[in-house]
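# Structural characterization, general
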Amino acid sequence: MTDSKYFTTTKKGEIFELKAELNSDKKEKKKEAVKKVIASMTTGKDVSALFPDVVNCMQTDNLELKKLVYLYLMNYAKSQPDMAIMAVNTFVKDCEDPNPLIRALAVRTMGCIRVDKITEYLCEPLRKCLKDEDPYVRKTAAVCVAKLHDINAQLVEDQGFLDTLKDLISDSNPMVVANAVAALSEIAESHPSSNLLDLNPQSINKLLTALNECTEWGQIFILDCLANYTPKDDREAQSICERVTPRLSHANSAVVLSAVKVLMKFMEMLSKDLDYYGTLLKKLAPPLVTLLSAEPELQYVALRNINLIVQKRPEILKHEMKVFFVKYNDPIYVKLEKLDIMIRLASQANIAQVLAELKEYATEVDVDFVRKAVRAIGRCAIKVEQSAERCVSTLLDLIQTKVNYVVQEAIVVIKDIFRKYPNKYESVIATLCENLDSLDEPEARAAMIWIVGEYAERIDNADELLESFLEGFHDESTQVQLQLLTAIVKLFLKKPTETQELVQQVLSLATQDSDNPDLRDRGYIYWRLLSTDPVAAKEVVLAEKPLISEETDLIEPTLLDELICYIGTLASVYHKPPSAFVEGGRGVVHKSLPPRTASSESAESPETAPTGAPPGEQPDVIPAQGDLLGDLLNLDLGPPVSGPPLATSSVQMGAVDLLGGGLDSLIGGTNFVAPPTAAVPANLGAPIGSGLSDLFDLTSGVGTLSGSYVAPKAVWLPAMKAKGLEISGTFTRQVGSISMDLQLTNKALQVMTDFAIQFNRNSFGLAPAAPLQVHAPLSPNQTVEISLPLSTVGSVMKMEPLNNLQVAVKNNIDVFYFSTLYPLHILFVEDGKMDRQMFLATWKDIPNENEAQFQIRDCPLNAEAASSKLQSSNIFTVAKRNVEGQDMLYQSLKLTNGIWVLAELRIQPGNPSCTLSLKCRAPEVSQHVYQAYETILKN
Amino acid sequence: MIGGLFIYNHKGEVLISRVYRDDIGRNAVDAFRVNVIHARQQVRSPVTNIARTSFFHVKRSNIWLAAVTKQNVNAAMVFEFLYKMCDVMAAYFGKISEENIKNNFVLIYELLDEILDFGYPQNSETGALKTFITQQGIKSQHQTKEEQSQITSQVTGQIGWRREGIKYRRNELFLDVLESVNLLMSPQGQVLSAHVSGRVVMKSYLSGMPECKFGMNDKIVIEKQGKGTADETSKSGKQSIAIDDCTFHQCVRLSKFDSERSISFIPPDGEFELMRYRTTKDIILPFRVIPLVREVGRTKLEVKVVIKSNFKPSLLAQKIEVRIPTPLNTSGVQVICMKGKAKYKASENAIVWKIKRMAGMKESQINAEIELLPTNDKKKWARPPISMNFEVPFAPSGLKVRYLKVFEPKLNYSDHDVIKWVRYIGRSGIYETRC
């Protein structure tokens, strides 16, 4: 018997014929007719006109016919709701049938008929079926509750079906449990706040028991549900993990991945010091590798997930590089994913092998794959410094192949290599220039132009090369136009004499002939800069560039943590949160990794704690790339080449245009001409009277009581270098304001007046917040103490050393220059306490290369004392922990320019030295933070 | 969960369409056809998102199976389900082809109704399904009450893959250890990577509900047992193998394997894959390929390849094929081989050397002179690796079946009455030597 004949094309009047056949008396003919109807329905024809005739066939004892009619009903009931009622009686009757298969069929089908009127009739049969003696009926009824909820949620709640469903979790039959879990999980998704699933240690235990007994699909439902549970402490997490790990050997990849999800999530709660933690890590690798021998579609899903796992816990697969080598017969989507993971796993240890493979791939057929392989070589160079040279030579080999897209891709990555290792591989520029003509893709052209502009001084014919691009300026893409504009301006700044014409040409092309506002704006900015202040133009255009990061396409940590909670699902395949592709509120409850709550230890260990926020809370925002760039800009983007070199000694630097006219204008602007004869009560240096001295102690010494540590005054400007003016001073910070406490002594023979002060630009933008107020002329041998408030809003330039401050002081005699080093702790702001989650996230987020370690010797303090001492200088203890007798303090501080510094201070009782590890996105500050630590702790 | 399931022929015509969820409309059927089946480009991903609807597809010959959803479903599960669906259909009507699908569309709808409820996969073991979904219509009317409840308890039960009351006159079982050995070797004979992926396939014809226990020379088990008698450790230690990872059919009690590393199960009736495993250590490489390529001037290559068989002389390898790639500008090839037949296949750019049988510890050689057309192509010939195919009657991983014990307490047959057959087949996976 073949059914394919029902698919034969139909002729006119077919519906009519079918109608006649459906109403035939002969059972066989009826069945044939229904089959024809279903076949038409499948191919997309509208056979809804036959509704009454088909429904008439429903009352039959032939199960096959019945199933066909049901199938028809499910499809068309919605379009014919009134007629669908006709079927209700049969359903209700079938729900009472002695045959459990028929009861289940009826309840299953009824749930699929999405007509409000029918749902009302469904309630009673469903209630019975939920308590049916046969597990097959119960498991079908459990799913039916989810169906009904989808149609009419209120009805389900009113009828108490949810409670019945909850009871089914304790059913004796594992499949009933699994379906009840699946149904409840789905219903719970649309009620994020409700505690429908009510997971507690008892119910979890039931689920874990059912896990061992139910079908592969049931195991997936249960594991996915378990993943939503947050154990109360690390012990519970471990015991669940122990019971889930056997699933890693299941033949069904989905069971394995769901188990991996539970383990990855609960691992967050385990301390890294636990033996079990290590065991678990080891257990995870083999099943993940085995997933790669599954069918290609599953391999793809597995690889997308492994990509996440490798980013979250690189240690799991770090030794498994080889299994990600691409096989010749892999489908392209598998190849591309493997390549991605290979780059993530590349390290100094395996780089030789990886490079050899990548070179092979670059000769393959698929263009996308080849491009990605070439790009990967570039990424290896940036990631593993030791390999950079080999990568560059490999890329050069590839350029020699002259395969167009290979060459272009290679040039794009070489540009990045130049950025990462400036002044190292410029010898290859000549080779690159040879291929200039073959570049036809905007990205490659832009990269090449960037290289020419950046190294214009080393390329003899740079002007010719750039000029050649200029010819077709308006046909280029914006990317290329912008790059060309900048490159020519760079060239002009480097070789102004020969290229004036060229620069004028490009500026006029960009500003006058272009419709693109971005291009025009950039053109105007350059034009004005060049015409008004070429020095400034140099500072802007030839500024030092921020470093490029090693891992270019890492997933942002909060998203990564969320995606870890979605291992195995579509979200993990798309690498997007469900809200990005799921409509409405369904299934878009934000998930996050559980926080670590230890049962045994009282304090947390920040390193092992999770990076996510506890459920329900908004996760803290980790400084994103943009902020990081901001930090760097604050610190780095000073002009390294403009102006004469800045001396750092305290000798006079008369020639330096440090203050320019600024000082005069400053003095001019502030009229504080004091009568020269006025009495000077402010002879503060000398012990006049105890009362007065106390009074002044109060004003100038408050800092020592409640603010941060203040160093004793030191002589900054000796009298002999400043025509008799001696300046000594120190820096203080109290209640959020920084000041410079100065002591001016007149050791000359004449009266000094008209004091003024100004700072050169410095790393943190320190500047006087008020004029230097010396109210009276300073007589010979007289000393005055002044507290000068400082702000941090001055202009910024990176100094060497970082905390160097160049100061100019003027009086009626001359202008004097000196420089001093300020302790960094005056820059530690009061709100420098980071919360724990944030601390962990940031600590993890900052690359290890940025970590610096220091020894602080002869500091016999205990943790308490150190912590409180540091706290008064705005170094805050975030967490404390005791590991093997050592006290670990986790501390954070924030600088005035927003840079965070994270610290780990290890104090060993009985040992006078302690170890300080600092992590910061701007590692330059570490050394100075260490000095600040040392000063604070020792005083 | 899965919102709908469609089966298309190669032209994109719908053969089966079953919608489970309201959010999937008829337009989804067309969206997949237009964007995937009729797409000009080669398929770049098995998961496609079109207008917030996700399509998962697998292809069997020229039939497309697509699962559709609008939710964040478990993607691994959807693919596993699609594979399972193919298995079930194949078990019912053989090859998955347009013809067979059209001929069995009523059956397929019936199956889909049973194994996917509201998009949730349900029991999909063919053994169980065949008890109540048959090709000859339903026998429900004639079933007794006991039969019915037996069916339902099997479908929902702990041992959903086996029905009760199976009886054989002769209790028999077959075990096949099927391995594929993969190798990448450098021209100097250094192993760059090698691994064996193996499967243990069992065919059981056993009565009742037999409890089976499978034992092999797993290093961990042997060492555990060997602790008692040091003598035995040294004896069996050599023969044991280290298994990197293994996965099991759902009948195997995983928690027992996790705790005791013992493999115990009640098998499905008939053929099934008991386990899969992977090993990387101490692999017996059945063949060694020694290539020698010499460039004589710019228009000639001399190739000499020696293959050595590396196993017991009493065993015979079969279906040996060595594939020696030749440059694209080859104009002519002369081959001399000691054994078998060798041919230059211009369309495949390779010399294919076939040997029907070869005993262990032997060697054979092929010499070829390849004449090249002079080209001005600067690009060097990439020298693809020499690949090899073969079949040997042993397990290259060294895996040995130590026992398979059968206990059926209720019926009166014992382990000794069961006739057991064990067979080892080692095949080449990707077996390549660079030259």
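Notes on the structure follow. (Residues numbered from 1 in each chain as written. Chains lettered and ligands numbered in written order. Predicted model: local features only at pLDDT ≥ 70, side-chain atom pairs only at ≥ 80, totals over all residues. Heavy atoms only, no water.)

In this section: the side chain of N182 of chain B. All names here are of chain B. Checked against the element boundaries, N182 lands in strand β8 (residues 172-185). Classification of N182 as buried rests on a relative accessible area of 10%. There is a polar contact of 2.7 Å between the side chain of N182 and the backbone nitrogen of I430. Sequence-distant contacts of N182, that is, excluding residues within four places in its chain, are made with S193, A194, H195, S197, G429 and I430. (Helix = DSSP H or I, 4+ residues; strand = E, 2+ residues; numbered from the N terminus. Buried < 20%, exposed > 50% of the residue type's maximum accessible area, 1.4 Å probe, protein only. Polar contact = N/O pair within 3.5 Å; in protein donor to acceptor, adjacent residues only side chain to side chain. Contact = heavy atoms within 4.5 Å.)

Take helix α5 (residues 81-94) of chain A next. Every α-helical turn comprises 3.6 residues, leaving residues that sit three or four positions apart pointing alike. Residue and element names in this part refer to chain A. The terminal C-alpha atoms of α5 lie 20 Å apart, and with 14 residues this matches the ideal 20 Å at 1.5 Å per residue to within 8%. What α5 keeps buried is the set A84, A87, V88, T90, F91 and D94. Buried positions along α5 lie against α3 (51-56), α4 (63-76), α6 (100-112) and α7 (116-130). (Expected span 1.5 Å × (residues − 1).)

Okay, the interface of chain A and chain B next. Each partner contributes to the interface: chain A provides 98 residues, whereas chain B provides 85 residues. Of the roughly 8,000 Å² buried between chain A and chain B, counting both surfaces, carbon and sulfur atoms make up 55%. Of the charged contacts, one joins D366 of chain A and R44 of chain B as a salt bridge, the two residues approaching to 3.2 Å between their closest N and O atoms. The tally of links from chain A across to chain B stands at 41 residue pairs in polar contact (both at pLDDT 80 or more). (Buried area = accessible area lost by both parts, 1.4 Å probe. Salt bridge = Lys/Arg side-chain N within 4 Å of Asp/Glu carboxyl O.)

Next up on the list: the nonpolar core. With 288 residues, the main nonpolar core has Y72, L317 and F418 of chain A together with I7 and F56 of chain B as its most contacted residues. Excluding its chain neighbours within four sequence positions, the residues that come into contact with Y72 of chain A are V37, I38, M41, V47, S48, L50, F51 and V54 of chain A. Of all hydrophobic cores here, the second largest spans 64 residues; its members include I727, L742, L870 and A903 of chain A. (Core = buried A, V, L, I, M, F, W, Y, C linked by side-chain atoms within 4.5 Å.)

It is worth spelling out the pairing of strand β23 (residues 419-433) of chain B at this point. All names here are of chain B. In terms of strand pairing, β8 meets β23 through 13 bridges, oriented parallel. When the sheet's bridge partners are listed, F174 is paired in β23 with W421. As paired elements, strand β21 (residues 386-392) and β23 share four bridges and run antiparallel to each other. Its bridge partner lying in β23, V392 is registered against G426. (Pairing = 2+ DSSP bridges.)

Residues and elements named next belong to chain B. Reading across the sheet, the four strands line up as β14-β15-β20-β17 and stay open at both edges, with antiparallel pairing between neighbours. The strands lining the two open edges of the sheet, one partner per strand, are β14 (287-296) and β17 (330-337). The mean inter-strand angle of the sheet, taken between neighbouring strand axes irrespective of direction, is 15°. Where strand β15 (residues 300-309) meets strand β20 (residues 363-372), nine bridges bridge the pair, whose relative direction is antiparallel. By the bridge assignment for β20, E302 is matched with E369. (Axes fitted to C-alpha atoms, helices over the stretch in contact; angles between N-to-C directions.)

Attention now moves to a negative patch on the surface. On the surface, a cluster of negative charge is contributed by E464, E467, E471 and E501 of chain A. In this fold, E471 of chain A is placed in the loop between α25 (462-470) and α26 (478-494). (Patch = residues over 30% accessible without salt bridge, like charges linked within 9 Å, V, L, I, M, F, W, Y side chains within 5 Å. Areas by Shrake-Rupley, 256 points an atom, 1.4 Å probe, with all protein chains shown as cover. Lys, Arg positive; Asp, Glu negative; His and termini not counted. Charge placed at Lys NZ, Arg CZ, Asp CG, Glu CD.)

Once that is clear, we can look at the pattern of salt bridges. Scanning the entire structure with this criterion turns up 68 salt bridges over all chains. Close ionic contact of E457 of chain A with K494 of chain A constitutes a salt bridge, the shortest N to O distance being 3.0 Å. Linking E457 of chain A in the loop between α24 (442-454) and α25 with K494 of chain A in helix α26, this pair joins segments that are 37 residues apart in sequence. For K494 of chain A, a relative accessible area of 25% corresponds to the partly exposed category. Across the pair E369 of chain B and K300 of chain B runs a salt bridge, and its minimum N-O distance is 3.6 Å. You can see E369 of chain B sitting in strand β20 and its partner K300 of chain B sitting in strand β15, a full 69 residues away along the chain. One network of salt bridges, with partners in common, ties together R371, R375, E409, E441 and E443 of chain A.

Now for the packing of aromatic side chains. For the structure shown, the criterion picks out 32 aromatic pairs over all chains. Centroid distance Y300 of chain A to Y333 of chain A: 5.4 Å. Interplanar angle 80°. Geometry classified as edge-to-face. Of this pair, Y300 of chain A sits in helix α17 (residues 296-312) while Y333 of chain A sits in helix α18 (residues 332-345); the two residues are 33 residues apart in sequence, bridging distant segments of the chain. On the numbers, 5.3 Å between centres and 70° between planes, the contact of F418 of chain A with Y455 of chain A is edge-to-face. Placement of F418 of chain A in helix α22 (residues 404-420) and of Y455 of chain A in the loop between α24 and α25 is noted, with a sequence separation of 37 residues between them. Residue Y455 of chain A is classed as buried on the basis of its relative accessible area of 4%. Every member of this aromatic cluster is reached through a ring pair, and the members are F6, Y8, F32, F55 and W64 of chain B. (Phe/Tyr/Trp six-rings, centres within 6.5 Å; stacked < 30°, edge-to-face > 60°.)

Next up on the list: the environment of R60 of chain B. All names here are of chain B. One can find R60 in strand β4 (residues 53-60). The exposure class of R60 is partly exposed, given its relative accessible area of 27%. Here the alpha-carbon distance between R60 and S97, two residues 37 residues apart in the chain, equals 8.0 Å. In this structure, R60 is in contact with L65, Y83, C86 and I96, ignoring residues within four places of it in sequence.

The next point concerns a positive patch on the surface. All names here are of chain B. Together, K341, K343, K354, K356 and R357 give the surface a local cluster of positive charge. Contributions of two or more residues to the positive patch are made by β18 (341-345) and β19 (350-359). With three residues, the top contributor of residues to the positive patch is β19. Tracing the chain through its elements places K356 in strand β19.

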